[in-house]
Amino acid sequence: MIKIIDRYVDKVWKAHAVAIWLLIISLSTQAQEITPLINSTLDGVVVDLVSREPLSEATIQIEGVTHSTKTDNKGKFQFITGQKFPYTLIITYIGYKTKKVVANGSPITIELERDDSALDEVEVVGYTKIKRSSLTSALQVVKGEDLSQAPYTSVIEKLQGQVPGLLITNDSGTPGTSVLVRLRGTNSVNSGNEPLYVVDDVIINSDNLQGLNLGGQLVNPLSDISTNDIESITVLKDANATAIYGSRGANGVILIKTNRGSHQRARLNFGIQTGTSHTRNLWELVTGEEHANIVNEAFVNNGGLYENRPFRPVEEATAAFPAWGLPEEQQTYDRLGAIWRTAVLQRYNLSVSGGSANSNFYVGGEYLDQPSTVKAQEFSRYSFRVNLDHKVSDRLKVGTSNNISTTPRKLIRVGDGGTGLFQAALHTPTFLPIVDENGQYVTHFTFDNVYALLENTDTKSNSIRSINNVYAEVKILPSLTFKSSWSSDYNIYKESNYFSTKLRAGQPAGSATQINTERVTLSADQLLNYNVSSTNSDIAIFVGNSYQYTDKGGQTVTGSQFPSDQHRQIASAGVRSGTTTASSNSLLSFFGGVNFSYKDRYVIDGTFRSDGSSRIGKDHRWGHFPAAGFNWRVSNEPFFPKSDNFNELRLKASWGLTGNAAVDDFQSLGLWSGGSNYGDNPGIVPSQMANADLRWETTRQWNLGVSGVMLKQRLDFEINYYDKYTKDLLLSSFPVQDITGFSSITYNAGEISNKGIEFILNSDNLTSKTLTWRTTYTISRNTNKVEKLLQPITGGYRQFRLEEGHPISSIWVHKQLGVDPQTGNVIYEDVDGDGQITQEDRQLLGSVWPDFEGALRNTFTYKGFDLNVNITYRWGNRLYNYTRYFLESGGVRGTERTIQKSQLNYWKKPGDTNVLPRLSSTTNPDGSRNYEPASANSYSSRFLEDASFIRLKDITLGYSLPSRFARNVGFAQIKATVTAANLITLTKYSGPDPEANSQTDSNLVQGMDFNTVPQPISFLFGLNVTL
Amino acid sequence: MKSHLNHYIVLSILLLLITSCTGVLDLEPETSVSDKGVISDKKTSLAALYGIYDNLQSSYTGTLTAFNLASDNVISYTEPTIIVPDRNAEDNGGAPFSTFYVTINRANFIIKRVPDVVDNQFTDAERNEIIGEAYFLRALAYFDLARFYGGVQLVTEPTERIDTQKGIRRSTLAETYAQVLADLDKAEELITNETDRSRATKFAVYGLKARLFLYTEQWEDAEEYASKSIASNAFSLVTPYSSFYTGRLSQESIFEVVYTTVDASTYWRSWLSTEDGGNQTYVPEASLITDLRDPEKGGTRKAVLKESTAQPGLYTVQLYGKKDGTSSLFVLRIAEQYLIRAEARAKKATPDLEGAAGDIRAVQSRAEVSSLFTATPSTTQSDVLLAIENERRLELAFEGHRFTDLVRTGRVADVLGGYNPLLRESYQWVFPIPASSVEKDPGLEQNPGF
């Protein structure tokens, strides 16, 4: 059998060999070697100047001749040459300064110095490695050690402010919950707006598997990955860099590289971090008496009779109009304070890394326990990582990356929903007692009692995740390598809750839900890389293919009618039911690219990728994504003046197309589903309207960039301008006419543009031996606009709107001009001038997207000390303060909801100015309403707030013990750090946190603040020892 | 062997590059099936019919809530000052709209496809039954749409593509009622079921026709169709009054939407008091409470109310009060047929006030009302009509009739205008179509005034 295969292979090989060889030879500029006359033999080794580590793959060339060689994996090389000693060697190695050495005899040891100008650092861009100076694309690298020390559970949060153009917003202050991430604006209305995350060559899933409704609070799947093992993060921004990810790259790509160890003796690293978090700057509520007076006044203003007012002597109660007692009899009870705590964080991590000449490894583990400042919410993570690389021979390298983690969480419903914690703690009126005279918890309206909720909530989840990759890299020829990479991302998300009979959701006899969701993504990538260099030019060519298959399924079981609250398993439930889900998708891709550089001055590259997705309609299944870029290293031109004040100047330009098919599976098909039962008889219903015309969403992007290094390499900067235009906008819930019997369809319904500019500046202000001071400043601006849309679409509770000519997620409200000093009625702008305030008068008055944002980072080192100060800022971003909409409702919600202190400043008599409107919810003569009762949907711009802020994100002070002391006690390094996070926030926003975002599951609705847990203030101590 | 390594590698690359894309991208969904051929036999035809009833569970809940709140029978607990709300385009009083078309589309699929199903196990009677019930459910949907909004867009073809229903505009109220009647005629012709009250029966068709004829003021027809159920010994006014909702599918019932413990409703939460685990979202209005508790007016119907122990004076409604979620929604029951006939008899060309009074008394006697309505020679037609109006308010208090009863009898301005002057304006007598629905359909015109 093997012989037959062998023979077949031989045949195929012979058939193709000629063509392949022709290709390789025609591209090769390497001269054929002629057996030389031997005049000298030189043995040598190339090492790092500082670490003395041998450097493999360094190029050694004899000056004046073409003869060159490369070091082996022990850093050794040998020259057998016709040249006689002495002669000059030129040693080049990426990431190091080029060195000239005169060889006087054998053997020789050559030390290379690292090039810290960083221009020659190698960046991984898609499927190739490119010197930074040759980049045609906009990208940025953040090293693991530069990540924030603030207690964020995911890598992405630790990047906030570091990468211009990358907008990162913590949706809430609960650890392990979702983060809003947008790179260069929002392209799409789908959930598919997140950048693509690639961890050690594995494209990972970043959409979460959560099935339980937690009032808009979502867990963050990126929290499954430890933040400790990170070596570096590369953010690919423009289309030329991301196009090679084709349909996955439209929203940018974030490449995460974890530690892999190096060819050196094993190092053991142990870290511990502990600290506390607390919350401040919460809502200020009225007293019981203030509440009563406001409600009484609103009642009468609304046409109620004074003798029926809600707060009057209890004995006057009637069937229709209950009486709560006189205002002055009301007590004030605090519930809000009950839900907060000082949360204690602990993190332990242990890793061992090292290697030998042929192998390197990294083994790491982490335990993190991070309770939320909100009681009843906890996040913890156990994570393990094993990375191995081994050189089997000079030609074959194999390796593996593995991450296994489990992240148990305790959760509670916050945000929206009657049974949520904030309804109980914040929205319940302060005049209502918490316990009755018998000591029983009192519940009110549709809200739970806050203590009952804290004591009885039993909602848990656990994400079990395994991300694995194996690869083999074969050097077929010195310049031709083949890499085969096989990956899987396996995730089980288990959730359960039990609502006891003490909770409203547990009526009448307990209620429980358990959801297990499982998703596996398998992918295989094959890549052929060809590199060839001559004195003046380098060419890199690659072709490859990739196949990815994702299967997702789950089971939900629910139970009710439990025998008692002690029996919480659904097995004990009197009534049980279950349902299942199943879905799959696949993506097949072919791609290739060329990178050509000439004289270290000009670089041109181009890539092309074709993707076929099972999600797209049959007739439009394949999408084609080309990209090209150009880089001109002006400073290497002969005409560029050599000066210490301007060391380096580069210009670059790129263009490319990327795609997006991040819609749910099977959206192009007309479908019927079961489960719509009646009287326990199975029912089937049409569940999805067919859209055979469903096609790829495509984004075209231009990028123009300038970067330079100045003032003796102490200042470097980069500016990028980009212009993105997205066509065939995929709307996963495009509304269709009601008469179709369907509510929505997945449809290509519009066009969106994003234009922006990004700037980063690094400055080494001080570089003395003992004292250094480095400043990094970033600023970026993005303008988002819906260019075309078949029809406006409203979202949320109809205060968010997608409309042509405005940014996505714009807030759609009545513009409040003021309050009439005579009547106390609200004055809205009458846009159509018909004298009536109707829906036609609503306007789009802002969005969550900032006009500009950025960060300022200062790093000081003095002897063993280092100090990091990070400030982030954002300007022009708006929030719809929906919490205030409820809490400043003018008493018209009666005894149902609490009232915020700021409500006290309302119109009381003619002549009052700078006040909230008169307390009433009846229709004014012009059709407006001063305040809204629960049933109406008309919104005022007075709840639309400027949420610009400047935030002292974190300060970290570190001290490393001098190495001689450390060695005395047997350690290589000991470092202690103290971190303070979120110490100061300057903002005009009236809510607790200007970074709030509570409806996290829809792109139509970003920037709504409803009962958001604010980000806590944290103080942390860390200790890190290396053996 | 090592020398072959290159060959293997190159081969594998070539194979991967050549790998045809057929197959790997053609995935089929597992939890749903394709639209084509989904209704293929008797079993799937029946399943598609149950799919309509499934939607009726939610759409009828929404219908009841919106109509109840629109009248002076039910108020929102949190807004005690608003007895009768007015509506604007943005706040349409929570009235359902799109869900009716979900029902209609599901019915249209059956009406179009079931006649063509080839299945030799499928008898004509079974086939007709399914199609007939689909007609009935479509009629009910159009009838309630008309009650809410007046004339609406009439759709009689299933939506198979996005452009199937393009360009359909609203019809007049008369055309909409004509569609209801046409569907009911079809249903009457096809349905043979007389016993399963959880589904449309022949009597459900008669009952809905009788109700339709009240709205179209065809009094003789209304009397004739109401009499069909009254005359049948399958139906009776059960005693005590409460037994029709504490039990299930009683003799009282002509058609009720049912739930089971597995397929449960959460409607009880909206009605029961917080001490009973509910949310007391909707509570009865004060004067209704007074009348229901008055032995001369409400009689045993006061059982539908329960007074809170924690909050004396607070009454909640027990009609949908089964906490396991199995309370039915009562679409048609025999008491209403008596009152329909009473009204038809009082209004027909040659009024039969005696007969009308007899029907009113039948309903009152079952409720053990202490003072029964009698017609004396001095009794006028308007006395009888007022008695019917009051009787309907009490007998059918929470079943969504009150608002449109007042609208169709022209009494709405007099009765509800006192609570909210805007209700004197005729544009408020129908609901505004939800703004979001108007927004996405250029053919859908908003009702005037909104």
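Going by the structure above, here's the rest.
Bear in mind that the values here come from a model prediction, so they are computed numbers and not experimental data.

1. Concerning helix α5 (residues 173-190) of chain B
All names here are of chain B.
- The first and last C-alpha atoms of α5 sit 26 Å apart over 18 residues, in line with the 26 Å expected at 1.5 Å per residue.
- All buried positions along α5 are accounted for by Thr176, Gln179, Val180, Asp183, Leu184, Lys186, Ala187 and Leu190. Around the axis of α5, the buried residues are gathered within 160° of arc, so they sit on the same side. Turned more than 90 degrees away from the buried face of α5, the exposed residues are Ala174 and Glu189.

2. Things to note about the environment of B:Ser370
Residue and element names in this part refer to chain B.
- Counting through the fold element by element, Ser370 comes out in the loop between α12 (353-366) and α13 (381-395).
- Residue Ser370 is classed as exposed on the basis of its C-beta count, with 12 C-beta atoms lying within 10 Å.
- Spatially, the C-alpha atom of Ser370 lies 9.3 Å from that of Asp294, the residues being 76 residues apart in sequence.
- For Ser370, the residues in contact, after removing those within four places along its chain, are Pro295, Glu296 and Gly299.

3. Concerning the interface of chain A and chain B
- Every contact between the two is made by 87 residues of chain A and, on the other side, 79 residues of chain B.
- The greatest single-element share of the side of chain A that touches chain B, amounting to 10 residues, is contributed by strand β26 (residues 575-598) of chain A.
- Among the residues forming the side of chain A that touches chain B, the class breakdown is 39 nonpolar, 41 polar and 7 charged.

4. What about the environment of A:Thr558?
Residue and element names in this part refer to chain A.
- Locating Thr558 in the fold gives a position in strand β25 (residues 537-560).
- Judged by C-beta crowding, with 18 C-beta atoms within 10 Å, Thr558 ranks as partly exposed.
- With 235 residues separating them along the chain, Thr558 and Ile793 place their C-alpha atoms 34 Å apart.
- In contact with Thr558, not counting residues within four places along its chain, are Ala512, Thr513 and Ser577.

5. Considerations on the pairing of strand β35 (residues 744-748) of chain A
All names here are of chain A.
- Buried residues dominate β35, accounting for 4 of its 5 residues.
- Where strand β34 (residues 730-735) lies against β35, 4 bridges are found, and the strand directions are antiparallel. When the bridges of β35 are listed, Phe734 appears paired with Ile745.

6. Here we look at the sheet that holds strand β3 (residues 68-70) of chain A
Residue and element names in this part refer to chain A.
- Ordered by their spatial adjacency, 4 strands build an open sheet running β3-β2-β5-β6, and the pairing between neighbours is antiparallel. Single-partner strands in this sheet number two, and they are β3 and β6 (99-103). Ignoring strand direction, the axes of neighbouring strands in this sheet form an average angle of 25°.
- Strand direction decides the pairing type here: strand β2 (residues 59-62) and β3, joined by 3 bridges, are antiparallel. Note that in β3 the partner of Gln61 across the bridge is Ser68.

7. Remarks on the environment of B:Ile433
Residues and elements named next belong to chain B.
- Within the secondary structure, Ile433 is located in the loop between α15 (412-416) and α16 (435-439).
- Distance from Ile433 to Asn88, taken between C-alpha atoms, is 9.3 Å for residues 345 residues apart in sequence.
- Filtering out sequence-adjacent residues up to four positions away, Ile433 remains in contact with Asn92, Phe97, Tyr149, Val438, Leu444, Gln446 and Asn447.

8. Remarks on the pairing of strand β27 (residues 602-613) of chain A
All names here are of chain A.
- For β27, a buried count of 9 out of 12 residues is recorded, marking the element as mostly surrounded by other parts of the structure.
- Relative to β27, β26 runs antiparallel, the two being bridged by 12 bridges. Counterpart to Phe591 in the pairing with β27 is Arg609.
- Counted along the chain from β26 to the antiparallel partner β27, the turn is 3 residues long, and its residue Lys599 has a positive phi close to 55°.
- Across 11 bridges, β27 lies against strand β28 (residues 622-633) in antiparallel orientation. Its bridge partner being in β28, Asp611 is matched across the sheet by Gly623.

Thresholds applied
- All residue numbers refer to position in the chain's written sequence, counted from 1.
- Here chains are named by letter from A upward and ligands by number from 1 upward, in the order in which they appear as written.
- At least 70 in pLDDT is required for a residue's local features to be given in this predicted model, at least 80 for side-chain atom pairs to be given and counted, and no such filter applies to totals for whole chains, interfaces and linings, which use all residues.
- Secondary structure elements follow DSSP: runs of H or I of four or more residues count as helices, runs of E of two or more count as strands, with numbering from the N terminus.
- Here a helix's expected span is defined as the number of its residues, less one, multiplied by 1.5 Å.
- Here a residue counts as buried when 20 or more other C-beta atoms sit within 10 Å of its C-beta, as exposed when there are 12 or fewer, and as partly exposed otherwise, the C-beta atoms being derived from the backbone.
- Comment: arc refers to directions from the helix axis out to C-beta atoms.
- Throughout, a residue-residue contact means that the two C-beta atoms, derived from backbone geometry, are no farther apart than 7 Å.
- Each residue receives one of three labels: charged for Asp, Glu, Lys and Arg, nonpolar for Ala, Val, Leu, Ile, Met, Phe, Trp, Tyr, Cys and Pro, and polar for the others, Gly being one of them.
- At least two DSSP bridges between two strands are required for those strands to pair.
- Every axis in this analysis is a line fitted to C-alpha atoms, fitted for helices over the stretch in contact. Angles between the N-to-C directions lie between 0 and 180 degrees.

Distances and angles like these do not, on their own, reveal function.
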